[in-house]
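Summary of the model geometry
Residues per chain, in single letters:
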Amino acid sequence: MPLRFTTAGESHGPALVSVLEGMPAGVPLLANDVDTELARRQQGYGRGRRMQIETDRIEFLSGVRAGETLGSPVAMLVRNRDWKNWSEIMDPAPLAADADGLRKRHVTRVRPGHADLTGILKYDRSDARDILERASARETTSRMAAGAICKVMLRELGVHIGSHLVHLGGIDAARPETLPADLNAVSDRSPLRTLDAAAEARMIERIDLAKKEGNTLGGICEVVVTGLPVGLGSHVSWDTRLDGRLGQAMLSIPAVKGVEIGMGFETARRTGAEVHDEIAAAPGRTRTGHVQRVTNRAGGTEGGMTTGEALVVRVAMKPISTLMRPLGTVDVATGQSAQAVAERSDVTAVPAMGVIAEAMAAFVLASAMLEKFGGDSLRETQRNLDAYLARLDERVER
Ligand code: EPS
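Residues numbered from 1 in each chain as written. Predicted model: local features only at pLDDT ≥ 70, side-chain atom pairs only at ≥ 80, totals over all residues. Heavy atoms only, no water.

Observations regarding helix H5 (residues 140-156)
Three- or four-residue spacings in an α-helix give side chains the same orientation, since the helix completes a turn every 3.6 residues. Taking 1.5 Å per residue, 17 residues should reach 24 Å; H5 reaches 24 Å between its end C-alpha atoms and fits that length. Of all 17 residues in H5, 15 are buried; the element is thus mostly enclosed. Count one or two residues on from H5 and you reach Gly 158, which has phi positive near 90 degrees. (Helix = DSSP H or I, 4+ residues; strand = E, 2+ residues; numbered from the N terminus. Expected span 1.5 Å × (residues − 1). Buried < 20%, exposed > 50% of the residue type's maximum accessible area, 1.4 Å probe, protein only.)

Notes on the site of the ligand
Every residue close to the ligand is listed here: His 12, Arg 41, Arg 47, Arg 50, Met 51, Ser 136, Ala 137, Arg 138, Arg 344, Ser 345 and Asp 346. Arg 50 has a polar side-chain atom sitting 2.7 Å from an oxygen atom of the ligand. Within the side chain of Arg 344, a nitrogen or oxygen atom sits 2.6 Å from an oxygen atom of the ligand. For the ligand, the protein covers 92% of the area, taking 470 Å² as the surface of the free molecule. Looking at the shell around the ligand, its residues break down into 2 nonpolar, 3 polar and 6 charged. (Near = heavy atom within 4 Å. Polar contact = N/O pair within 3.5 Å; in protein donor to acceptor, adjacent residues only side chain to side chain. Areas by Shrake-Rupley, 256 points an atom, 1.4 Å probe, with all protein chains shown as cover. Nonpolar A, V, L, I, M, F, W, Y, C, P; charged D, E, K, R; others polar.)

Thoughts on the packing of helix H10 (residues 350-373) against helix H11 (residues 378-397)
Contact geometry for H10 and H11: axes closest at 9 Å, N-to-C directions at 75 degrees. When the interaxial angle is binned, H10 and H11 end up roughly perpendicular. Contact residues: Met 369, Leu 370, Lys 372 and Phe 373 in H10; Thr 381, Asn 384, Leu 385 and Tyr 388 in H11. Residues belonging to the contact of H10 with H11 are distributed by class as follows: 5 nonpolar, 2 polar and 1 charged. (Axes fitted to C-alpha atoms, helices over the stretch in contact; angles between N-to-C directions. Parallel < 35°, antiparallel > 145°, perpendicular 65-115°, else oblique. Contact = heavy atoms within 4.5 Å.)

Looking at unusual backbone geometry
Of note, Asp 124 is a non-glycine position whose phi angle comes to about 55 degrees, a positive value. Tracing the chain through its elements places Asp 124 in the loop between helix H3 (116-123) and helix H4 (129-135). With a phi close to 75 degrees, Ala 255 is a non-glycine residue in the positive phi region. Among the structural elements, Ala 255 can be located in the loop between helix H8 (242-251) and strand E10 (256-261). The partly exposed category is assigned to Ala 255, whose relative accessible area is 22%.

Let's talk about the sheet that holds strand E6 (residues 74-79)
In space, the 4 strands of this open sheet follow the order E1-E2-E6-E3, with antiparallel pairing throughout. Each end of this open sheet is capped by a strand with a single partner; those strands are strand E1 (4-8) and strand E3 (59-62). Each neighbouring strand pair of the sheet contributes to a mean axis angle of 20 degrees, computed without reference to strand direction. As defined by bridge partners, strand E2 (residues 15-21) adjoins E6 across 6 bridges and the pair is classed as antiparallel. Paired with Ala 15 across the strands is Arg 79, a residue of E6. (Pairing = 2+ DSSP bridges.)

Details of the packing of aromatic side chains
Following the criterion strictly, the structure yields 2 aromatic pairs and no others. On the basis of an interplanar angle of 75 degrees and a centroid distance of 4.9 Å, the ring pair of Phe 5 and Phe 363 is categorised as edge-to-face. Of the two residues, Phe 5 is situated in strand E1 and Phe 363 in helix H10; the sequence distance between them amounts to 358 residues. Taken as a pair, Phe 5 and Phe 363 share a single burial class, namely buried. Lying across the ring of Tyr 123, Lys 122 places its NZ or CZ 5.4 Å from the centre. When the ring centre of Tyr 388 is taken as reference, the NZ or CZ atom of Lys 372 above it lies at 4.0 Å. (Phe/Tyr/Trp six-rings, centres within 6.5 Å; stacked < 30°, edge-to-face > 60°. Lys NZ or Arg CZ within 6 Å of the ring centre and 35° of its normal.)

Rendered as structure tokens:
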């Protein structure tokens, strides 16, 4: 069964829902494994007041028993604590008292850059709240829940995922030559999840300034995955190439506008000799097939397959489209020009985006692992992985 997940929930509705199907039985899983990931997404300097209201906690509704997955769909619920302030606005029942058919807090001064305008035209709505509640990046909480389980499965198979912020609002963070072995243990200690303390101080000043100006900021995070075996994904068809699948997953994160793997866009500006990674023998490195890329400019994929080197994916997020000093727009109720609505929001959510990108990478990689190794139980998946690794060893022993 292919691994898949679906999410449901509005930002100010009663709860967010996530259903993950196809996870093998026997993956050790505690609510805390998910809660820890949910909490990581809630961090980050530059978030607004909403994050002080919410303390995201998972409730398993199915698929987990006695600390292990059962192989059945894992249904999960995260309640919105802010719901109590929005229950009337978000009430599914018709509001008879609404004289003009519009609810309190309705939105007609649509925000440039947001889903507001295109959404109401496409779905034929008069209140952009019908669109923005689902377009809100609050939905990524549900993705984190599914991704957290994928991460546990990958960890059991020797694969580890971390991330750090490398750019914010025009300021680059220096990327150390060698990343810390436990990347998140270091990046999670930083309020911006960056490894460069000097850049961090300047980024914080930049965020404070943007806040004063009623403006917002974007940035770039880098996801790094270690321990992958060579050969996940495939060169054979367009939709089996792992790069393409990672790209789709990353670009589906709200406000994400660009994805690079390894050297990414820079490869276009360089010669072949400056781009391709030379290969050297490296006996004992089973997961790469007993070789080593002398450099890892490819970022861990060749021909749409993992090489076994670290997978390096950079993800670029545009500035959030809710500005406290709003941009010009059209009020769709009157057709007149207006200032866009200024809803409570964040100055930046780039640190959170990096954590979400980890979750999306976890889902894509767990899917690719299960495609290659199968297994209705984790033990079976592990056995099949071990047999593949043994074959990689055998090839060099000949
Ligand atoms: C968001 C606006 C803000 C963010 C929210 C995403 O929420 P609110 O409208 O309630 O102030 O805090 O992010 C989250 C709630 C979250 O959990 O990340 C938006 O419009 O996208």
